[in-house]
Amino acid sequence: MELACRLMNIVTGDYSIYGTYTYVNTSNCSRFGMKSSEFEDDEEFLDVHKNDLRKEKAYQLVWTVLRQNMKRWWD
């Protein structure tokens, strides 16, 4: 449940990567509706796209976690 809550914080924007280093894998960005060329621009623009990609990944992960663990939480 804690993992789902953290992922929801990322999705809603309550947790930001600005000012800190957070690794975001950009090689699979096409799965999330983004082009790899969006991650080759200047540093400030790059951080904005990485933050958007991170939110998209967290959104898909939170639903995967909920779907896979829902029955165990209600026991």
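Here is what the cut-offs are and how they apply
Residues numbered from 1 in each chain as written. Predicted model: local features only at pLDDT ≥ 70, side-chain atom pairs only at ≥ 80, totals over all residues. Heavy atoms only, no water. Salt bridge = Lys/Arg side-chain N within 4 Å of Asp/Glu carboxyl O. Helix = DSSP H or I, 4+ residues; strand = E, 2+ residues; numbered from the N terminus. Buried < 20%, exposed > 50% of the residue type's maximum accessible area, 1.4 Å probe, protein only. Phe/Tyr/Trp six-rings, centres within 6.5 Å; stacked < 30°, edge-to-face > 60°. 1 Å grid on protein atoms, 1.4 Å probe; cavity = no way out; pocket = protein on both sides within 12 Å on 5 of 7 lines; lining within 4 Å. Points joined across faces, edges and corners; volume = space filled by probe spheres on them. Nonpolar A, V, L, I, M, F, W, Y, C, P; charged D, E, K, R; others polar.

Undergrad: How should the pattern of salt bridges be read in this particular structure?
TA: Oppositely charged side chains may form a pair once their charged atoms are brought near each other. Scanning the entire structure with this criterion turns up one salt bridge. In this structure, Glu2 and Arg6 form a salt bridge, with 3.9 Å as the shortest nitrogen-oxygen distance. Taken together, the residues span about one helical turn, with Glu2 and Arg6 both in helix α1 (residues 2-12) at a distance of four residues. Accessibility expressed as a relative area gives 55% for Glu2, which makes it exposed. A relative accessible area of 55% means that Arg6 is categorised as exposed.

Undergrad: What is the right way to read the packing of aromatic side chains from this model?
TA: Aromatic rings considered in pairs are described by the distance between their centres and by the relative angle of their planes. Under the counting rule described, the total for this entry stands at one aromatic pair. With a centroid separation of 6.4 Å and 75° between ring planes, the pair formed by Tyr59 and Trp63 is classed as edge-to-face. Of the two residues, Tyr59 and Trp63 both sit in helix α2 (residues 43-74), four residues apart, roughly one turn of that helix. The class for Tyr59 is partly exposed, based on a relative accessible area of 43%.

Undergrad: Before we go on, may I ask you to explain the layout of surface pockets in this structure?
TA: A probe as big as a water molecule, rolled over the atoms, marks out the empty space that is left. In this model, the largest pocket occupies a volume close to 160 Å³. Every residue along the wall of the largest pocket is listed here: Leu7, Ile10, Thr22, Tyr23, Val24, Asn25, Arg54, Lys57, Ala58 and Leu61. At the level of secondary structure, the elements contributing two or more residues to the lining of the largest pocket comprise α1 and α2. It is α2 that contributes the most residues to the lining of the largest pocket, four residues altogether. Looking at side-chain class alone, the lining of the largest pocket contains six nonpolar, two polar and two charged residues.

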